[in-house]
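Structure assessment
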Amino acid sequence: MSTVTIPSTVDAFFRGARESMGSKFRKLAADLWNGGRPTDAAVPAVPELVARLGSGDVDDVTKGHVAVLLGLLAEASFPATDGDLHAAVRRGLPVYLRLARFARPNSPLSLALLYLLSHFPADRDAILDAVTGLDLDPDDATRLDRALRPLDPADPDLGRVWPSPAVWELDDAERGFDRRWIQELTPEQVTVNWDYDTQTVLAYSGAKAYWAVTNDAPVKPAETAAIDDTLRTAAPQAAMDGFRRHAAAFRCPRCRSGRLRIGDSGARCDGCATSYPLAHGILDLSAGTPGVADEATADLLRKLAEMPSMGLYYESVLRPAFLRIAGSNWDGGVLPEDEDHYLAGHVRAADGPVLDLCAGAGRWTSVVASAAGTDRTIALDAGLSMLNVLRRRLPGVPAVLGDALRLPFADASLGAVTCWNALQAVPEDAQKLISEVGRCLRPGGTFTLMTFRFSADPVYRHFQSGHHFPSRPEGMLLFEPYEVQSWLDEAGLAVTDWSSPGTFLFATTVRRP
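Now for a quick tour of the structure. (Residues numbered from 1 in each chain as written. Predicted model: local features only at pLDDT ≥ 70, side-chain atom pairs only at ≥ 80, totals over all residues. Heavy atoms only, no water.)

Thoughts on the pattern of salt bridges
- Summed over the entire model, instances satisfying the criterion amount to 21 salt bridges.
- Two residues, arginine 15 and aspartate 11, come together in a salt bridge whose shortest N-O distance is 2.8 Å.
- For arginine 15, a relative accessible area of 48% puts it in the partly exposed group.
- Each of Asp11, Arg15, Glu48 and Arg52 takes part in one network of salt bridges that share partners. (Salt bridge = Lys/Arg side-chain N within 4 Å of Asp/Glu carboxyl O. Buried < 20%, exposed > 50% of the residue type's maximum accessible area, 1.4 Å probe, protein only.)

Section: empty space enclosed by the protein
- For the structure shown, the criterion picks out two cavities of 30 Å³ or more.
- Volume-wise, the largest cavity comes out at about 60 Å³.
- What lines the largest cavity is simply Leu111, Leu114, Tyr115, Ser118, Asp140, Arg143, Leu144, Ser205 and Lys208.
- For the lining of the largest cavity, the elements supplying multiple residues, two or more each, are helix H7 (108-117), helix H9 (138-148) and helix H11 (187-215).
- Along the lines of polarity and charge, the residues of the lining of the largest cavity split into four nonpolar, two polar and three charged.
- The space that makes up the second largest cavity amounts to roughly 30 Å³.
- Around the second largest cavity, the lining residues are Pro105, Asn106, Ser110, Leu111, Leu114, Leu134, Leu136 and Asp140.
- A per-element tally of the lining of the second largest cavity places H7 first, with three residues. (1 Å grid on protein atoms, 1.4 Å probe; cavity = no way out; pocket = protein on both sides within 12 Å on 5 of 7 lines; lining within 4 Å. Points joined across faces, edges and corners; volume = space filled by probe spheres on them. Helix = DSSP H or I, 4+ residues; strand = E, 2+ residues; numbered from the N terminus. Nonpolar A, V, L, I, M, F, W, Y, C, P; charged D, E, K, R; others polar.)

Thoughts on the side chain of histidine 119
- Here histidine 119 shows up in the loop between H7 and helix H8 (124-130).
- With relative accessibility at 6%, the residue histidine 119 sits in the buried group.
- A polar atom in the side chain of histidine 119 sits 2.8 Å from the side chain of glutamate 75.
- From its side chain, histidine 119 meets the backbone oxygen of tyrosine 115 in a polar contact 2.9 Å long. (Polar contact = N/O pair within 3.5 Å; in protein donor to acceptor, adjacent residues only side chain to side chain.)

Dropping the structure here:
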């Protein structure tokens, strides 16, 4: 019978210069944990890791790395907590609790311990007692609380956990909405969604801790994006002028060839006679009805256009958190003004309208409009709540509710296209989106893009992909740089600028003849 020995990388990790810690840790992690799965050496190595973690001879940076690795090993059997590896890691709980009681609040080590302790729901009370001295902010505190909370099948609380439960302050109507859709789930679906939520919480805590320990730096406090509190009542006529000005570029998304005749209450295809409603400066090209415009649809559009809250919430809370995870932006290395500068400096339009694709709430549409001219700008997004905010922020920009994978524009009709922080929202169809941009873009026009790549570090990549948006079984899917470059080339787009701070991807391309 063969005996599994502890890899030499365990001892090597604790020796040598701190400057080489990153590479030594990655080697150690690969020996014990490979892409989310433990190796045969993991269980024998855990007691040695726990002993070193509790040693007074090991500095806090090294301990932080060990705590993250132990958390990864404990998580390897998720959602099960009864395996040999999880039990081996849990036996070190007295060491983890002692360290937590004396750790510096908000230090890399304390964040690593929070991630590690999040894996032991059976010890919830002892853990919450031990961290009382860490002065946790509401985000960290509620992530830990949620990770340790058992599922209550009689009253499950699903969703609303990312980036932390603390950011979701729901009114009675919103809570009622949640309860209604949760009640429609089967017990099996409830359990699956609960586990997805737990994994998402662990992935955020783990990414935050791992960035802190690998950089030996505190995480910069989360910044709340500035909200334009001067949102105006959008004048429909200003948008109507824009639609009429760019009417020649539009095509019916249903038949793909008919021109749209745009009137005050909607648009009608000259080819297949499909009608599309228009209200409050938003043209709904997401569905359409044959024949006369559906007044009920148009009325619903008007009502929904009066509710801008979700668009503002995304911009102020959710987007900054996503940049920290996807872009490794825990130190605020890429600021909104950096994005503004890049976008404004790289949009170069040929003749024709400039499309802000997946425009969201319009924060960066305003940059595009300033660079290219409001009278040339069109915004398109699949989210009505986002376009509600955009219309009030930019009354002169016509807004289209539509499909980024089936653009309602003629071939070679657009002077420029931008797609900012959105390609990862359609990961399986990203190539199709880029192909559509290439189809619609005129030669010489630019396509300017910001999205994210997977980290080259397998541990951080694990935390990136561990996010389920929303309840996505595969987890978050980002890109490899070579994939994006090949898709751009196939779409006839020549790269003129490419950069990748953190795990961002910034690119500018020009449509080849």
